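Structural features, examined
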Amino acid sequence: EKGLARLRDILEEVGSKPTFVPVPGNHDVERPGAHEVSRTLDHLISGDSDAIDELMDRKQHLRGQIDRAFRNYTSWLQDSSLPFPHDQVASTQEHLGQIALSIEGQGIRVGVFGLNTALVQLTSDVDRERLWVNHRLVDAVLPSGIEPWLANHDAALLLMHHSPAWLSPDSRQELFTRIATLGDFDAILCGRSHLHDERLNIWSRPLILQTPGSPRQ
């Protein structure tokens, strides 16, 4: 947090009023016992609709495990004095770490959507090419759909901790056909730059940019 506070101070010294957009990564996860969730996670990663329903229902066991896994991250966001969009941060836990906001300046309106790619990293074996995302995570934040939200902005960015190559094959397809349809987002910003994968070159639009570390660190 000290590094982010210093960055805020530098930006403010030159007249900027920054907004920091958070998205969780694997180091934000407080992992439960593997035996408690591993089978359900396997069903979720494979696209089982019942497992997805359990995730989206706050009364269900899996949802409770994930909420607890990210409680330190959620508490940090709520208690931080950094320039986070605190009205959206307040609903971060409800939306499983997803966040959507608009940033306006000089007549330009930019939409930023944060997608929690670390959502199912509750066990050590859920790693490269096993991470999961689904359009229902986006629908929970944007009930009217992502298309009207995108149309309401001059530019749009998708923020993720992991690059698309870390997602399972089904989740990569979900990302590029149901969430970040080619041509809709102007760029995908990722934080896991230690992965060098030539398959990223085939995704020419939107532009995928990777930076060292987590986008929130």
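Our structure is the block above this text.
Note that this is a predicted model, so its numbers are computed, not measured.

1. A few points about the packing of helix H3 (residues 49-56) against helix H4 (residues 61-69)
Look at H3 against H4: their axes get within 6 Å of each other, and the N-to-C directions meet at 55 degrees. The pairing of H3 with H4 is recorded here as oblique in orientation. The two elements H3 and H4 meet at a crossing, and its hand is right-handed. Residues Ala51, Glu54, Leu55 and Met56 of H3 lie in contact with H4, whose contacting residues are His61, Leu62, Arg63 and Ile66. For the contact of H3 with H4, a count of residues per class yields 5 nonpolar, 1 polar and 2 charged.

2. Some words on the side chain of histidine 95
When you line up the elements, histidine 95 lands in the loop between helix H6 (86-89) and strand S1 (99-105). Overall, the relative accessible area of 13% leaves histidine 95 in the buried class. Setting aside anything within four residues of it in sequence, one finds histidine 95 in contact with Arg63, Ala140 and Val141.

3. Digging into the pattern of salt bridges
All chains considered together, the criterion is met by 8 salt bridges. Here arginine 71 and glutamate 30 are joined by a salt bridge, their closest N and O atoms 3.1 Å apart. One end of the pair, arginine 71, is in helix H5 (residues 71-79); the other, glutamate 30, is in the loop between helix H1 (2-13) and helix H2 (34-45), and 41 residues separate them in sequence. In this structure, the salt-bridge partner of aspartate 67 is arginine 58, at a minimum N-O distance of 3.8 Å. Through salt bridges that share partners, Arg58, Arg63 and Asp67 make up one connected network.

4. A look at the environment of arginine 31
Relative to the elements of secondary structure, arginine 31 occurs in the loop between H1 and H2. In the structure, arginine 31 is positioned 92 residues away from threonine 123 in sequence and 6.5 Å away in space, judged by C-alpha atoms. The contact partners of arginine 31, leaving out residues within four places of it in the chain, are Gln121, Leu122, Thr123 and Ser124. Looking at arginine 31, its side chain comes within polar contact range of the main-chain oxygen of glutamine 121, at 3.1 Å.

5. Quick notes on H5
Within H5, the full set of buried residues consists of Tyr73, Thr74, Trp76 and Leu77. For H5, the buried positions fall inside an angular range of 160 degrees around the axis, keeping them on one side.

6. Description of the packing of aromatic side chains
Evaluation of the coordinates by the stated rule reveals 5 aromatic pairs. With 5.3 Å between their ring centres and 75 degrees between their planes, tryptophan 76 and phenylalanine 84 make a pair best called edge-to-face. On the basis of relative accessible area, phenylalanine 84 is assigned to the buried category, the value being 7%. Each ring, one from phenylalanine 113 and one from tryptophan 149, has its centre 6.2 Å from the other, and the planes form 80 degrees; the classification is edge-to-face. Taken as a pair, phenylalanine 113 in strand S2 (residues 108-115) and tryptophan 149 in helix H8 (residues 146-151) lie far apart in primary sequence, 36 residues in all. Across the pair, exposure class does not vary: phenylalanine 113 and tryptophan 149 are buried alike. Connected via pairs of aromatic rings, a cluster forms that spans Phe20, Tyr73, Trp76 and Phe84.

What counts, and at which threshold
Residues numbered from 1 in each chain as written. Predicted model: local features only at pLDDT ≥ 70, side-chain atom pairs only at ≥ 80, totals over all residues. Heavy atoms only, no water. Axes fitted to C-alpha atoms, helices over the stretch in contact; angles between N-to-C directions. Helix = DSSP H or I, 4+ residues; strand = E, 2+ residues; numbered from the N terminus. Parallel < 35°, antiparallel > 145°, perpendicular 65-115°, else oblique. Left-handed = near helix turned anticlockwise from the far one by under 90°. Contact = heavy atoms within 4.5 Å. Nonpolar A, V, L, I, M, F, W, Y, C, P; charged D, E, K, R; others polar. Buried < 20%, exposed > 50% of the residue type's maximum accessible area, 1.4 Å probe, protein only. Salt bridge = Lys/Arg side-chain N within 4 Å of Asp/Glu carboxyl O. Polar contact = N/O pair within 3.5 Å; in protein donor to acceptor, adjacent residues only side chain to side chain. Arc of directions from axis to C-beta. Phe/Tyr/Trp six-rings, centres within 6.5 Å; stacked < 30°, edge-to-face > 60°.

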